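Read off the chains here:
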Amino acid sequence: APTSTYVGGLIGQSGGIDINDVYANGSVTGRQYVGGLVGNFYAGTLSNAYATGPVTGTNDSIGGLIGVMGAVGNVATATTLSNVYSTGNVNAVVDAAADGAAPSGVLHSNIGGLIGKMRGSRSGSVTQVSNAFATGQVNATTPFNFVGGLIGFVGDYGQLSVNNVFATGNVG
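Rules behind the numbers
Residues numbered from 1 in each chain as written. Predicted model: local features only at pLDDT ≥ 70, side-chain atom pairs only at ≥ 80, totals over all residues. Heavy atoms only, no water. Pairing = 2+ DSSP bridges. Helix = DSSP H or I, 4+ residues; strand = E, 2+ residues; numbered from the N terminus. Axes fitted to C-alpha atoms, helices over the stretch in contact; angles between N-to-C directions. Core = buried A, V, L, I, M, F, W, Y, C linked by side-chain atoms within 4.5 Å. Buried < 20%, exposed > 50% of the residue type's maximum accessible area, 1.4 Å probe, protein only. Contact = heavy atoms within 4.5 Å. Patch = residues over 30% accessible without salt bridge, like charges linked within 9 Å, V, L, I, M, F, W, Y side chains within 5 Å. Areas by Shrake-Rupley, 256 points an atom, 1.4 Å probe, with all protein chains shown as cover. Salt bridge = Lys/Arg side-chain N within 4 Å of Asp/Glu carboxyl O. Phe/Tyr/Trp six-rings, centres within 6.5 Å; stacked < 30°, edge-to-face > 60°.

Colleague: Now, about the sheet that holds strand 8 (residues 66-70): what can you tell me, with residues and values included?
Modeller: On the basis of which strands lie adjacent, the open sheet formed by five strands has the order 2-5-8-12-16 and parallel pairing. This sheet does not close on itself; its edge strands, each paired only once, are strand 2 (11-15) and strand 16 (151-155). Geometrically, the sheet is characterised by an average inter-axis angle of 5° between neighbouring strands, direction not taken into account. Two strands pair when backbone bridges link them, and strand 2 and strand 5 (residues 38-42) are joined in this way by four bridges, in the parallel orientation.

As structure tokens, then:
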């Protein structure tokens, strides 16, 4: 059973760097913060990047390209994605052995074709996505919440921007 957190096809967690002209095409499986390319991405720029393999997660923040992106806590961190895409299917499945059927305190949320969760910071940092798309199918059943073809959840604090994006895969 997948128990790992911060799992990515290329990078598990990345902060404070710029990443350009990269891709991943293998399947990725983990528990939380799982992405086809990067599990957790904050404080930097990711451009000209893509992921094509299937992504499977069992808990929270699961995305075709990035599991979770944006600020961490109250730290002012600009995070930008541009010219990125994902084509693999995203599957959110309950791991009853690890989490029980749906115990309280287990999130089971934030599932997206491109990004599982996009967050900002109370400090006013900017988190933005532009020129991006997702074509894979997003499969998430009860008890999963905040499920989207492109982004599962956009919110929290700070300045969030999403421009020139689309998703074509089925969501269910």
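Colleague: Tell me about the nonpolar core, residues and numbers included.
Modeller: Counting residues in each nonpolar core, the largest one holds 22 residues, and the members touching the most others are L37, L46, L65, I66, L81, L114 and I115. Elements with a minimum of two residues in this core: strand 3 (18-24), strand 5, strand 6 (44-51), strand 8, strand 9 (79-86), strand 12 (115-119) and strand 13 (126-134). Residue contacts for L46: discarding those within four places in its chain leaves I19, V22, L37, F41, L65, I66, T80, L81, S82 and V84. Listed in part, the 11 residues of the second largest apolar core include V34, V55, I62 and A140.

Colleague: Kindly report on the sheet that holds strand 3, identifying the contributing residues and their values.
Modeller: For sheets, the rule is that strands pair by backbone hydrogen bonds, running either parallel or antiparallel. Judged by pairing direction, the sheet is parallel, and its five strands sit side by side in the order 3-6-9-13-17 without closing on themselves. A strand with exactly one partner marks an edge of an open sheet, and here the two such strands are strand 3 and strand 17 (159-167). Adjacent strand axes in the sheet meet at a mean angle of 10° when their direction is disregarded. Relative to strand 6, strand 3 is paired through six bridges, and the arrangement is parallel. Bridge pairing in strand 6 places A24 opposite A51.

Colleague: I'd like to hear about a nonpolar patch on the surface, residue by residue, with values.
Modeller: A cluster of nonpolar side chains, contributed by V154, L160 and V162, occupies part of the molecular surface with about 200 Å² of accessible area. Tracing the sequence through the fold places V162 in strand 17.

Colleague: For the packing of aromatic side chains, give the residues involved together with the corresponding values.
Modeller: Under the definition given, this model contains six aromatic pairs. Plain terms: the ring middles of Y85 and F133 are 4.8 Å apart, the flat faces sit at 0° to each other, and that makes the pair stacked. With Y85 in strand 9 and F133 in strand 13, this pair connects stretches of sequence that are 48 residues apart. Ring-pair connections join several aromatic residues into one group, and the members of that group are Y23, Y50, Y85, F133 and F166.

Colleague: Can you break down the environment of T141 residue by residue, with the values?
Modeller: With respect to the helices, strands and loops of the structure, T141 is situated in the loop between strand 14 (138-140) and strand 15 (145-148). With 33 residues separating them in the primary sequence, T141 and H108 have C-alpha atoms 9.7 Å apart.

Colleague: Quick one: what's the story with unusual backbone geometry, residue by residue and with numbers?
Modeller: Phi is positive for Y33, which is not a glycine, with a value near 55°. Tracing the backbone through its elements, the reader meets Y33 in strand 4 (residues 28-35). Of note, N48 is a non-glycine position whose phi angle comes to about 50°, a positive value. Take N48: it is sitting in strand 6. Using a relative accessible area of 38% as the deciding quantity, one classes N48 as partly exposed.

Colleague: Quick rundown of the environment of D95? Include the residues and the values.
Modeller: Along the polypeptide, D95 turns up in the loop between strand 10 (90-92) and helix 1 (96-99). For D95, a relative accessible area of 10% translates into the label buried. The spatial distance from the C-alpha of D95 to the C-alpha of T3 is 9.3 Å, given a sequence separation of 92 residues.

Colleague: I'd love a proper account of the environment of V126, names of residues and values included.
Modeller: Examined against the element boundaries, V126 turns out to sit in strand 13. Judged by relative accessible area, which is 27%, V126 ranks as partly exposed. For the pair V126 and T77, spaced 49 residues apart in sequence, the C-alpha to C-alpha distance is 7.1 Å. Excluding residues within four positions of it along the chain, V126 makes contact with T77, A78, T79 and Q159.

Bear in mind that shape data such as this cannot, by itself, settle questions of function.
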